[in-house]
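Fold and contact review
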Amino acid sequence: MLGLKAPRNSFKKPSKKARREKHAASQTPQPQLEIASDILIRLQADIDERGQFGQPVMEVSKEQVRVLDGEIVSFQVPISDIKAARNEPLIG
């Protein structure tokens, strides 16, 4: 040995947010819901996914669930991919 150290493994597991964004990006873009009657549920929150104050909106239709940050779709998933869902009301 010449006193050289082997390089450390620099691989880091992607964050949950990065994995979610990758999943959302890999999904086939869904057409925008043009008619308000397509939306079955629409909920507004005061905290975003990063824990910051904001006004994200979750919309549920027969085909998909999506989260809007302003007019940008920050997350969407087809209903067929959802195995279970729950509501956790939090007061802080």
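Coordinates for the structure precede this section.
Keep in mind it's a predicted model, so treat the numbers as computed, not measured.

Evaluated as defined, the whole model comprises one cavity of 30 Å³ or more. The computed volume of the largest cavity comes to approximately 40 Å³. Per-element tally for the lining of the largest cavity: the top contributor is helix H1 (residues 16–26), with three residues.

Further remarks concern the pattern of salt bridges. Scanning the model with the defined rule gives two salt bridges in all. A salt bridge links Glu 59 to Arg 42; the nearest nitrogen and oxygen atoms lie 2.2 Å apart. With Glu 59 in strand S2 (residues 57–60) and Arg 42 in strand S1 (residues 41–44), this residue pair connects regions lying 17 residues apart in the sequence. Exposure remark for Glu 59: the relative accessible area of 3% places this residue in the buried category. Glu 59 serves as the salt-bridge partner of Arg 66, at 2.8 Å between the closest nitrogen and oxygen. Take Arg 66 and Glu 59: they sit in the same class, and that class is buried. Among the charged side chains, a salt-bridge network with shared partners connects Arg 42, Glu 59 and Arg 66.

This part covers the pairing of S2. The pairing of S1 with S2 spans four bridges and is classified as antiparallel. If you follow Gln 44 over to S2, its bridge partner there is Val 57. With four bridges joining them, S2 and strand S3 (residues 64–69) adopt antiparallel strand pairing. Across the sheet, residue Val 57 finds its bridge partner in S3, namely Leu 68. Hairpin connection from S2 to S3: three residues lie between these consecutive antiparallel strands.

The rules we used
- Residues numbered from 1 in each chain as written.
- Predicted model: local features only at pLDDT ≥ 70, side-chain atom pairs only at ≥ 80, totals over all residues.
- Heavy atoms only, no water.
- 1 Å grid on protein atoms, 1.4 Å probe; cavity = no way out; pocket = protein on both sides within 12 Å on 5 of 7 lines; lining within 4 Å.
- Points joined across faces, edges and corners; volume = space filled by probe spheres on them.
- Helix = DSSP H or I, 4+ residues; strand = E, 2+ residues; numbered from the N terminus.
- Salt bridge = Lys/Arg side-chain N within 4 Å of Asp/Glu carboxyl O.
- Buried < 20%, exposed > 50% of the residue type's maximum accessible area, 1.4 Å probe, protein only.
- Pairing = 2+ DSSP bridges.

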